[in-house]
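Here's the letter readout for the chains.
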Amino acid sequence: MLRLSLIIALSGGLLSACVSTAKMAQPANVTAVAVHNVTGANPLAWHKPLAFGRWHTVDTTDYGRVDGGIGLGKAVLGGTFHARALVTNDNITAKCSGWLLNIGRNDLTFDPTIGNMPLMSCSFSGAASGEFSIKENHKNQLIGQFSTASGNYLVKSEHQIQGSAWPSATPLGFTVYRHETPLWSVDKLNAGTVTEWLSLPAEQQNLLATLSLVLLVTDFENLQWD
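Residues numbered from 1 in each chain as written. Predicted model: local features only at pLDDT ≥ 70, side-chain atom pairs only at ≥ 80, totals over all residues. Heavy atoms only, no water.

## So, the overall build of the chain
The line we're drawing: Each helix corresponds to a stretch of at least 4 residues labelled H or I by DSSP, and each strand to a stretch of at least 2 residues labelled E; elements are numbered beginning at the N terminus. Each residue is placed in one exposure class: buried if its accessible area under a 1.4 Å probe, protein chains only, is under 20% of its type's maximum, exposed if it is over 50%, and partly exposed if it falls in between. When checking whether two residues touch, look at their non-hydrogen atoms; a contact exists if any pair is within 4.5 Å.
Along its length, the chain carries two helices and 14 strands. A total of 226 residues make up the chain; the buried ones form 39% of that total. The contacts in the chain between residues at least 6 apart in sequence include a share of 50% that link residues at least 24 apart.

## Some points on the pattern of salt bridges
Definition in use: By convention in these notes, a salt bridge is any Lys or Arg side-chain nitrogen within 4 Å of a carboxyl oxygen on Asp or Glu.
Evaluated as defined, the whole model comprises one salt bridge. Residue Arg54 pairs with Asp90 through a salt bridge whose shortest N-O separation is 3.8 Å. Pair noted here: Arg54 is in the loop between β3 (50-52) and β4 (55-72) and Asp90 is in the loop between β5 (75-88) and β6 (92-105), with a separation of 36 residues, a long-range link. When its relative accessible area of 42% is taken as the criterion, Arg54 is described as partly exposed.

## Concerning the pairing of strand β12 (residues 173-178)
To keep it simple, the criterion reads: A pair of strands is treated as paired once DSSP finds two or more bridges between them.
β12 sits mainly inside the fold: five of its six residues count as buried. As defined by bridge partners, β12 adjoins strand β13 (residues 181-187) across six bridges and the pair is classed as antiparallel. Counterpart to Phe174 in the pairing with β13 is Val186. Linking two consecutive strands that pair antiparallel, namely β12 and β13, is a turn of two residues; a positive phi of about 55 degrees is found at His179 within it.

## As for the environment of Ser212
Heads up, the condition is: Within 3.5 Å is the distance limit for a polar contact, defined as a pair of N or O atoms, with the added protein rule that one can donate a hydrogen and the other accept it, and that residues adjacent in sequence qualify only through two side-chain atoms.
With respect to the element layout, Ser212 can be found in helix α2 (residues 202-217). Not counting residues up to four positions away in its chain, the partners in contact with Ser212 are Phe52, Trp184, Val186 and Val194. Within the structure, the side chain of Ser212 is placed 2.7 Å from the backbone oxygen of Leu208, a separation counted as a polar contact.

## Some points on the nonpolar core
Put simply, the rule is: What we call a nonpolar core is a set of buried Ala, Val, Leu, Ile, Met, Phe, Trp, Tyr and Cys residues that are connected through their side-chain atoms within 4.5 Å.
Formed by 39 residues in total, the largest nonpolar core has its most connected members in Phe52, Phe124, Phe132, Trp184, Leu208, Leu211 and Val214. In contact with Phe52, not counting residues within four places along its chain, are His36, Asn37, Val38, Trp184, Val194, Ala209, Ser212, Leu213 and Leu216.

## Considering α2
Filter applied, for reference: Multiplying 1.5 Å by the residue count of a helix minus one yields the expected span of that helix.
Taking 1.5 Å per residue as the helical rise, α2 with its 16 residues ought to reach 22 Å, and the 23 Å between its terminal C-alpha atoms agrees with that figure. For α2, the tally of buried residues reaches 14 of 16 residues, placing the bulk of the element in the interior.

## What about the packing of aromatic side chains?
Stated formally: Pairing of aromatic side chains here covers Phe, Tyr and the six-membered ring of Trp, requires ring centres within 6.5 Å, and sorts the geometry by plane angle: under 30 degrees stacked, over 60 edge-to-face, intermediate tilted. Lysine and arginine charges are scored as sitting over a ring when NZ or CZ, respectively, is within 6 Å of the ring centre and within 35 degrees of the ring normal.
Inspection of the entire model under this criterion finds six aromatic pairs. Relative to Trp184, the ring of Phe52 lies with its centre 6.4 Å away and its plane at 75 degrees, an arrangement referred to as edge-to-face. Note that Phe52 is positioned in strand β3 and Trp184 in strand β13, a separation of 132 residues in sequence. Centre to centre, the rings of Phe132 and Phe146 are 6.1 Å apart; their planes meet at 85 degrees, and the pair counts as edge-to-face. Linking Phe132 in strand β9 (residues 130-136) with Phe146 in strand β10 (residues 142-148), this pair joins segments that are 14 residues apart in sequence. An aromatic cluster of at least three residues, connected via ring pairs, comprises Phe124, Phe132, Phe146 and Tyr153. Here Lys156 stacks its cationic end above the ring of Tyr177, 5.6 Å away from the centre of that ring.

## A look at the confidence of the model for the chain
What counts is decided by this rule: pLDDT gives the predictor's per-residue confidence on a scale running from 0 to 100.
Of the residues in the chain, 73% reach a pLDDT of 70 or more, and the chain-wide mean stands at 80. This stretch, residues 1-18, has a pLDDT under 50; its non-local contacts, to residues over four places away or in other chains, come to zero contacts.

## A closer look at the side chain of Ser157
Note on placement: Ser157 falls in strand β11 (residues 151-158). Look at Ser157 and you get buried, because its relative accessible area is 1%. Among the polar contacts made by the side chain of Ser157, one reaches the main-chain amide nitrogen of Leu142 at a distance of 2.9 Å. There is a polar contact of 2.8 Å between the side chain of Ser157 and the side chain of His159. In contact with Ser157, not counting residues within four places along its chain, are Gln141, Leu142, Pro171, Gly173 and Phe174.

## A look at the state of the cysteines
Where two cysteines share a covalent bond between their sulfur atoms, that bond is called a disulfide. The cut-off we apply is this: What counts as a disulfide here is a pair of cysteine sulfur atoms lying within 2.5 Å.
All chains considered together, the criterion is met by one disulfide. Note that Cys96 is cross-linked by a disulfide to Cys122, the S-S spacing being 2.1 Å. Between Cys96 and Cys122, the S-S dihedral sits near 110 degrees, and the bridge is therefore right-handed. Within this pair, whereas Cys96 is found in strand β6, its partner Cys122 is found in strand β8 (residues 120-126), the two being separated by 26 residues in sequence. In terms of burial, Cys96 and Cys122 fall into one category: buried.

Here it is in structure tokens:
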């Protein structure tokens, strides 16, 4: 019994060490301009302060959650709406909202929009503006579009741990691209890391920093945002 307990304890320690040092796989053939460790909330959450580099949240607001449903014969159409906002030290406000719809009977449910409705949409305003929305594709990957005055950006979820042969079913973080060039990476593993791959003007940095904070604090495994 003592031997078994020791094996379990050692196995748990090794697993914990692997988790604590795990990193999201990074884009190939690029060199980082800057790497920022995320400080603050752990686990990451909307209602806790968060910071990396010269950026941090100064306020968060929860506008509340609304749940509802209507009967459709023997099935039920249900939905959840939740809206929240965060403000950064660069005076950029991101107001984000998400809809979750499902139709089902008993314990069987499915998405009636078949993935066509964004999981989350955000409006950025203040010192800089933009619009962001993100959907899940048929490969279980989250794909986002970020439109700003300085240009459009593509956001893709990452599912590979550095050095691992197997992808994760859940997003480990995100990479932001412009014209197929990686600009920023947001690693959500452990305390979190934000990596800049390209030097950008201050306004673009501030917008991508605000987007990074949104991606860090949003639990894409629980988009009801409990």
